[in-house]
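# An overview of the molecular structure
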Amino acid sequence: MPGLLRGVARTAVIAGTATAVSNRVSRRQGGRWAQQDAQQQQAQQQAAPPPPPPAAAPPADDMTTKIEQLKQLSTLKEQGVLTETEFAEQKRRLLG
């Protein structure tokens, strides 16, 4: 009977030690992962480009500006950059 108690006690001590070590390793690893995640998020926030500024709308009453833009659109259409449909859509937007 004393040998049996000694064996049970030894097993309990070993199991308790193993559990304590396992828990400590898990906590340390979790801390490292949290630190890595924080560093990655910080790097992503720093690397993200700022949003582009909003495009300035041309003055509504300035007819010379509209004429220049129409000339540029027609040049692009002649060069084959714009299709007839795209040209018509841009012209409609410009003339409103």
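Up top you'll find the structure we're talking about.
Definitions and cut-offs
Residues numbered from 1 in each chain as written. Predicted model: local features only at pLDDT ≥ 70, side-chain atom pairs only at ≥ 80, totals over all residues. Heavy atoms only, no water. Helix = DSSP H or I, 4+ residues; strand = E, 2+ residues; numbered from the N terminus. Buried < 20%, exposed > 50% of the residue type's maximum accessible area, 1.4 Å probe, protein only. Areas by Shrake-Rupley, 256 points an atom, 1.4 Å probe, with all protein chains shown as cover. Patch = residues over 30% accessible without salt bridge, like charges linked within 9 Å, V, L, I, M, F, W, Y side chains within 5 Å. Salt bridge = Lys/Arg side-chain N within 4 Å of Asp/Glu carboxyl O. Lys, Arg positive; Asp, Glu negative; His and termini not counted. Charge placed at Lys NZ, Arg CZ, Asp CG, Glu CD. Phe/Tyr/Trp six-rings, centres within 6.5 Å; stacked < 30°, edge-to-face > 60°. Lys NZ or Arg CZ within 6 Å of the ring centre and 35° of its normal. Axes fitted to C-alpha atoms, helices over the stretch in contact; angles between N-to-C directions. Parallel < 35°, antiparallel > 145°, perpendicular 65-115°, else oblique. Contact = heavy atoms within 4.5 Å. Nonpolar A, V, L, I, M, F, W, Y, C, P; charged D, E, K, R; others polar.

Along its length, the protein chain carries 3 helices and 0 strands. In sequence order, the protein chain lays out its α and β elements as α-α-α. Buried positions account for 5% of the 96 residues belonging to the protein chain. Just so you have it, the protein chain exposes about 8500 Å², and 58% of that area is on carbon and sulfur atoms.

A cluster of basic side chains, namely Arg24, Arg27, Arg28 and Arg32, defines a positive patch on the protein surface. Mapped onto the fold, Arg24 is located in helix 1 (residues 2–47).

Turning our eyes to something else, we now look at the packing of aromatic side chains. On inspection of all chains with the given rule, the structure shows 0 aromatic pairs. The lysine or arginine in question, Lys77, covers the ring of Phe87, its NZ or CZ lying 4.8 Å from the ring centre.

Below, the discussion takes up the packing of helix 2 (residues 63–79) against helix 3 (residues 84–95). Where helix 2 meets helix 3, the closest approach of the two axes is 10 Å, and the angle between their N-to-C directions is 175°. On the basis of the axis angle, helix 2 is roughly antiparallel to helix 3. Facing Lys66, Gln69, Leu70, Leu73, Ser74 and Lys77 of helix 2, the residues of helix 3 in contact are Glu84, Phe87, Gln90, Lys91, Leu94 and Leu95. Considered class by class, the residues forming the contact of helix 2 with helix 3 number 5 nonpolar, 3 polar and 4 charged.

Attention now goes to the pattern of salt bridges. Between side chains of opposite charge, a pair can form when the charged atoms approach closely. Enumeration over the complete set of coordinates arrives at 4 salt bridges. A salt bridge links Lys71 to Glu68; its shortest N-O distance comes to 4.0 Å. With Lys71 and Glu68 both in helix 2 and 3 residues apart, the pair spans about one turn of that helix. You can call Lys71 partly exposed: its relative accessible area is 46%. Note on Glu68: relative accessible area 42%, which makes it partly exposed. Taking the shortest distance from any N to any O, the salt bridge between Arg92 and Glu89 comes out at 2.6 Å. In this pair, Arg92 and Glu89 are both assigned in helix 3, 3 residues apart and thus about one turn of the helix distant. The exposure class assigned to Arg92 is exposed, which follows from its relative accessible area of 52%. Given the relative accessible area of 29%, Glu89 is considered partly exposed. Each of Glu89, Arg92 and Arg93 takes part in one network of salt bridges that share partners.

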